[in-house]
Amino acid sequence: MLNLAILISGKGSNMNAILSAVQEGEIKNVKPSVVISNNPSALGLRSASEIFRLPTKVVLCNKQTKGWDYDKQIVSVLCQHGVTPESGLVCLAGFMRIISPEFVRRYNMRIMNIHPALLPSFPGLRAQKQAIEYGVKVTGCTVHFVDEGVDSGPIILQKTVCVLDSDTEETLSSKILKEEHKLYPRSVKLFAEDKIQVKGRKVFIHN
Ligand code: GAR
């Protein structure tokens, strides 16, 4: 059984998509164990506890707790809920913090992130706005393992979305989000089924 933690900062719609897929039996052998947020008013915290009946934890950050000092507290919550570097999976789902190298190394290739662009294009904040301003005709979303850089880890799955002349940041974001809700559960399922192999930068999916 794979113990799963989801880290959120906001709405948590990707979290909902993953948890629904587990609840509906599309993803097997995964035990959602805890939802953690840096933001006490993250909407997703409510659905995690009220709909999915999961333990939730807010880890506040301040000037004293940056980088590994902050992440240490996250790791302690993960371990309390059995999400260990040996047997756990951590999914960042709209978690708007950069993870420290110490955390990344400890959970090597066991932290996933979803990003609303076709990486390596448009990393960082407001990827959809960046795509519109650049004038690309195609963008999309990426699920990747987290490494020590920003949105730079090995790519697990990607899905394209067309950019129309009429698209705004909002319309494009919602088209991409719809695809994110399919891509992230698929990635977690592949991981849980042990079908993912990482060799350097490359991720191989085995059937
Ligand atoms: C999603 O679009 C996700 O790709 C993005 O934040 C949104 C979270 O939505 N993440 C990033 O931009 C990370 N760089 P959600 O809270 O409804 O899942």
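Refer to the structure printed above.
In short, a report on the structure. (Residues numbered from 1 in each chain as written. Predicted model: local features only at pLDDT ≥ 70, side-chain atom pairs only at ≥ 80, totals over all residues. Heavy atoms only, no water.)

Some points on the sheet that holds strand 6 (residues 138-145)
At step 1: Taken in spatial order, the 7 strands of this open sheet run 3-2-1-4-5-6-7, and their pairing is mixed. The open sheet is flanked by strand 3 (56-58) and strand 7 (155-162), the only strands paired with a single partner. Taking each pair of neighbouring strands and ignoring which way they run, the sheet shows an average axis angle of 20°.
At step 2: Bridging between strand 2 (residues 30-37) and strand 3 involves 3 bridges; their strand directions are parallel. Directly across from Ser37, in strand 3, lies its bridge partner Val58.
At step 3: Across the face of the sheet, helix 1 (residues 13-23) comes into contact with strand 1 (2-8), strand 2, strand 4 (88-92) and strand 5 (111-115) while running at roughly 160° to strand 1.
At step 4: Helix 2 (residues 43-50) rests against strand 1, strand 2 and strand 3 of the sheet, and its axis sits at about 155° to strand 3. (Pairing = 2+ DSSP bridges. Helix = DSSP H or I, 4+ residues; strand = E, 2+ residues; numbered from the N terminus. Axes fitted to C-alpha atoms, helices over the stretch in contact; angles between N-to-C directions. Contact = heavy atoms within 4.5 Å.)

Describing the site of the ligand
At step 1: With respect to spatial proximity, the complete set of residues near the ligand consists of Lys11, Gly12, Ser13, Asn14, Gly94, Met96, Ile114, His115, Pro116, Leu177 and Glu180.
At step 2: Interatomic distance of 2.8 Å between a backbone N/O atom of Gly12 and an oxygen atom of the ligand.
At step 3: Taking Glu180, its side chain carries an N or O atom lying 2.8 Å from an oxygen atom of the ligand.
At step 4: Protein burial of the ligand: of its 450 Å² of free accessible surface, 87% is covered by the chains.
At step 5: Secondary-structure elements contributing two or more residues to the shell around the ligand are helix 1, strand 5 and helix 6 (169-192).
At step 6: Looking at the shell around the ligand residue by residue, the class counts come to 4 nonpolar, 5 polar and 2 charged. (Near = heavy atom within 4 Å. Polar contact = N/O pair within 3.5 Å; in protein donor to acceptor, adjacent residues only side chain to side chain. Areas by Shrake-Rupley, 256 points an atom, 1.4 Å probe, with all protein chains shown as cover. Nonpolar A, V, L, I, M, F, W, Y, C, P; charged D, E, K, R; others polar.)

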